[in-house]
There are 2 protein chains.
Amino acid sequence: MNSIFIRRSVRAYEAKPVEPDKIEKLLRAAMQAPSAANQQPWSFITVQDRELLGRLSDVSEYSKMLHKAPLAIIVLGDMTKCIYPIMWEQDLSAATQNILLEAVELELGAVWLGVAPLHDRMDFISNLFELPDTSKPFAIISIGYPAGNQENKFIDRYKPERVKNY
Amino acid sequence: MNSIFIRRSVRAYEAKPVEPDKIEKLLRAAMQAPSAANQQPWSFITVQDRELLGRLSDVSEYSKMLHKAPLAIIVLGDMTKCIYPIMWEQDLSAATQNILLEAVELELGAVWLGVAPLHDRMDFISNLFELPDTSKPFAIISIGYPAGNQENKFIDRYKPERVKNY
């Protein structure tokens, strides 16, 4: 699975939309993630509307690339589905990581923008999309075709000193 | 990336060790994960020692397969590396998901056994391996060659009603 090794945080994109079949594939990948007791406590918002992407970019100082991104996927916790609410962040992280990797597979580039557990960012998104209390914004993924020098490529992060063997 | 789609939670294994080059590949995959501000707040313990695997299996009622598993990887938070400690669970989840997917790629099977934020499980592991306070047990991954009917295979989890588009 080369995608694991060449994935980078891609923040600059071509002015080209992401095809509907690729968007569906990203969402299908997300929903294949493991979760505690298979609770699948997630839902998703896709945003391609330029005006909404512009407003979403104000969620934090690290989200400005959304102004020019063709696509954002907002990953949400659906707390009504939780058997083990304490595990919701882990479940949604696995779903988010699947989207990032599937993006590489589809020749897209993506970056994970952290939202939860920071309440200011969560509230910003809840207000923008008028979400019910049971829907908790977890992360935003900014996605598009990589532009400039932002391509996916291997950079070695292996640190053997971080491993102990028994 | 077929691995995302065929990954299953595999809990029964052949009585066959996991090769050292595959163990290294799993750890390399883990360390390629994204993390908040690229903090990489992780370390890993590999366990192949049968007696230790037996003791580790008592961490919870859901970990009994470790008695017969050839390999466990314990994913730990290294809090000395954290710039954003509040994001440690998300970072370690991405690393854990990479290990699960790379296992599929290597024709292995694996299952994510949740540890944090459950203090009884975290303390159990800290005591067993005499970990310093800065090292926080996050998850155990049980790994081996799939046995019985436990192979990786596609089961569709896509739920289009979980998606809203703007």
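Residues numbered from 1 in each chain as written. Chains lettered and ligands numbered in written order. Predicted model: local features only at pLDDT ≥ 70, side-chain atom pairs only at ≥ 80, totals over all residues. Heavy atoms only, no water.

Peer 1: Please clarify how the side chain of S60(B) should be interpreted in this entry.
Peer 2: All names here are of chain B. Examined against the element boundaries, S60 turns out to sit in the loop between α3 (50-56) and β2 (71-78). Only 3.0 Å separates the side chain of S60 from the backbone nitrogen of Y62, close enough to count as a polar contact. At 3.2 Å, the side chain of S60 forms a polar contact with the side chain of S63. (Helix = DSSP H or I, 4+ residues; strand = E, 2+ residues; numbered from the N terminus. Polar contact = N/O pair within 3.5 Å; in protein donor to acceptor, adjacent residues only side chain to side chain.)

Peer 1: Whenever I open this one, the confidence of the model for chain A confuses me. Can you help?
Peer 2: Detail in the predicted coordinates should be disregarded across regions flagged by low pLDDT. For chain A, the average pLDDT comes to 97, and 99% of its residues sit at 70 or higher. At the level of chain-chain contacts, confidence expressed as ipTM amounts to 0.98, with global pTM at 0.98. (pLDDT = per-residue confidence, 0-100.)

Peer 1: Would you take a moment to explain the environment of F44(B) for this structure?
Peer 2: By the secondary structure assignment, F44(B) is in strand β1 (residues 42-47). Residue classification places F44(B) among the buried residues on the basis of a relative accessible area of 1%. Taking the C-alpha atoms as reference points, F44(B) and P137(B), separated by 93 residues in sequence, lie 9.3 Å from one another. Those residues within four positions of F44(B) in sequence are excluded, and the remaining contacts are R162(A), V163(A), K164(A), L27(B), A30(B), M31(B), I73(B), I74(B), V75(B) and I99(B). (Buried < 20%, exposed > 50% of the residue type's maximum accessible area, 1.4 Å probe, protein only. Contact = heavy atoms within 4.5 Å.)

Peer 1: I tried to follow the interface of chain B and chain A on my own but got confused; where do I start?
Peer 2: The parts lose accessible area when they come together, and the size of an interface is often stated as this lost area. Contact with chain B, which involves 58 residues of that partner, is made by 58 residues of chain A. Roughly 5,400 Å² of surface becomes buried between chain B and chain A when both sides are summed, with 55% attributable to carbon and sulfur atoms. At the boundary of chain B and chain A, one finds two salt bridges. Residue D156(A) pairs with R28(B) through a salt bridge whose shortest N-O separation is 3.7 Å. If you look at where chain B meets chain A, you find 38 residue pairs in polar contact (both at pLDDT 80 or more). With ten residues, the single largest contributor to the side of chain B that touches chain A is helix α4 (residues 88-105) of chain B. (Buried area = accessible area lost by both parts, 1.4 Å probe. Salt bridge = Lys/Arg side-chain N within 4 Å of Asp/Glu carboxyl O.)

Peer 1: Quick question: what am I supposed to make of the sheet that holds β1(B) here?
Peer 2: Through backbone hydrogen bonds, the strands of a sheet pair up, either in parallel or in antiparallel fashion. Strand order in the open sheet formed by five strands is β5(A)-β1(B)-β2(B)-β4(B)-β3(B), and the pairing between neighbours is mixed. Either end of the sheet is taken by a strand with one partner, and the two such strands are β5 (163-165) of chain A together with β3 (109-114) of chain B. Pairs of neighbouring strands in the sheet enclose a mean axial angle of 20 degrees, with direction left out of account. Both β3(B) and strand β4 (residues 135-144) of chain B contribute to a ladder of six bridges, which runs antiparallel. If you follow V111(B) over to β4(B), its bridge partner there is S142(B). Each of β5 of chain A together with β1, β2 and β4 of chain B touches helix α2 (residues 20-31) of chain B; the most contacted strand, β1(B), lies at about 160 degrees to it. (Pairing = 2+ DSSP bridges. Axes fitted to C-alpha atoms, helices over the stretch in contact; angles between N-to-C directions.)

Peer 1: What should I look at first to understand the relation of the copies chain B and chain A in this one?
Peer 2: The operation relating the two chain copies consists of a rotation about an axis and a shift along that axis. By a simple turn and slide, chain B fits onto chain A: the slide is 0.0 Å along the axis, the RMSD is 0.0 Å, and the turn is 180 degrees. Taken together, the rotation and translation relating the two chain copies correspond to the operation of a two-fold axis. Mapped onto chain A, 100% of the interface residues of chain B again fall at the interface, so both copies present the same surface. (Least-squares fit on C-alpha atoms with pLDDT ≥ 70 in both.)

Peer 1: Help me understand the pattern of salt bridges, please; the structure alone is not making it clear to me.
Peer 2: Two side chains bearing opposite charge may form a pair once their charged atoms approach each other closely. Residue and element names in this part refer to chain B. Tallied over the entire structure, the rule returns twelve salt bridges over all chains. For E24, the salt bridge identified is with R28, shortest N-O distance 2.8 Å. Taken together, the residues span about one helical turn, with E24 and R28 both in helix α2 at a distance of four residues. Exposure remark for E24: the relative accessible area of 34% places this residue in the partly exposed category.

Peer 1: What's the story with the side chain of D91(A) in this structure? I'm lost.
Peer 2: Mapped onto the secondary structure, D91(A) falls in helix α4 (residues 88-105). As a buried residue without a salt bridge, D91(A) has its nearest oppositely charged side chain in R157(B), at a separation of 9.5 Å. If near-sequence neighbours (up to four positions away) are discounted, D91(A) is found in contact with P34(A), S35(A), A36(A), Q39(A), P41(A) and W42(A). (Lys, Arg positive; Asp, Glu negative; His and termini not counted.)

Peer 1: Even after reading the chapter, I still don't get the environment of S142(B), so can you show me in this structure?
Peer 2: All names here are of chain B. Turning to its location among the elements, S142 is positioned in strand β4. Sequence separation of S142 and P34 is 108 residues, and the distance between their C-alpha atoms is 22 Å. Once you skip the residues sitting within four places of it in the chain, S142 turns out to touch V10, Y13, M65, L66, A69, L71, G109, A110, V111 and L113. A distance of 2.8 Å separates the side chain of S142 from the side chain of Y13, its partner in a polar contact.

Peer 1: So what exactly am I meant to see when it comes to helix α2 (residues 20-31) of chain A here?
Peer 2: Working note: α-helix, 3.6 residues per turn, so residues spaced by three or four point in the same direction. Compared with the 16 Å implied by 1.5 Å per residue over twelve residues, the 17 Å span of α2(A) between its first and last C-alpha is a close match. Against β1 (42-47), β2 (71-78), α4 and β4 (135-144) of chain A together with α1 (2-6) and β5 (163-165) of chain B lie the buried residues of α2(A). (Expected span 1.5 Å × (residues − 1).)

Peer 1: Would you explain the packing of aromatic side chains in this entry?
Peer 2: By convention here, two paired aromatic rings are described through the distance between centres and the angle between planes. Scanning the model with the defined rule gives six aromatic pairs over all chains in all. The interplanar angle of 55 degrees and the centroid separation of 6.3 Å between the aromatic rings of W112(B) and F138(B) together place this pair among those described as tilted. Of the two residues, W112(B) is situated in strand β3 and F138(B) in strand β4; the sequence distance between them amounts to 26 residues. In this structure an aromatic cluster arises from ring pairing among W88(A), W112(A) and F138(A). We note K16(A) situated over the ring of Y145(A); from NZ or CZ to the ring centre the distance is 3.9 Å. (Phe/Tyr/Trp six-rings, centres within 6.5 Å; stacked < 30°, edge-to-face > 60°. Lys NZ or Arg CZ within 6 Å of the ring centre and 35° of its normal.)

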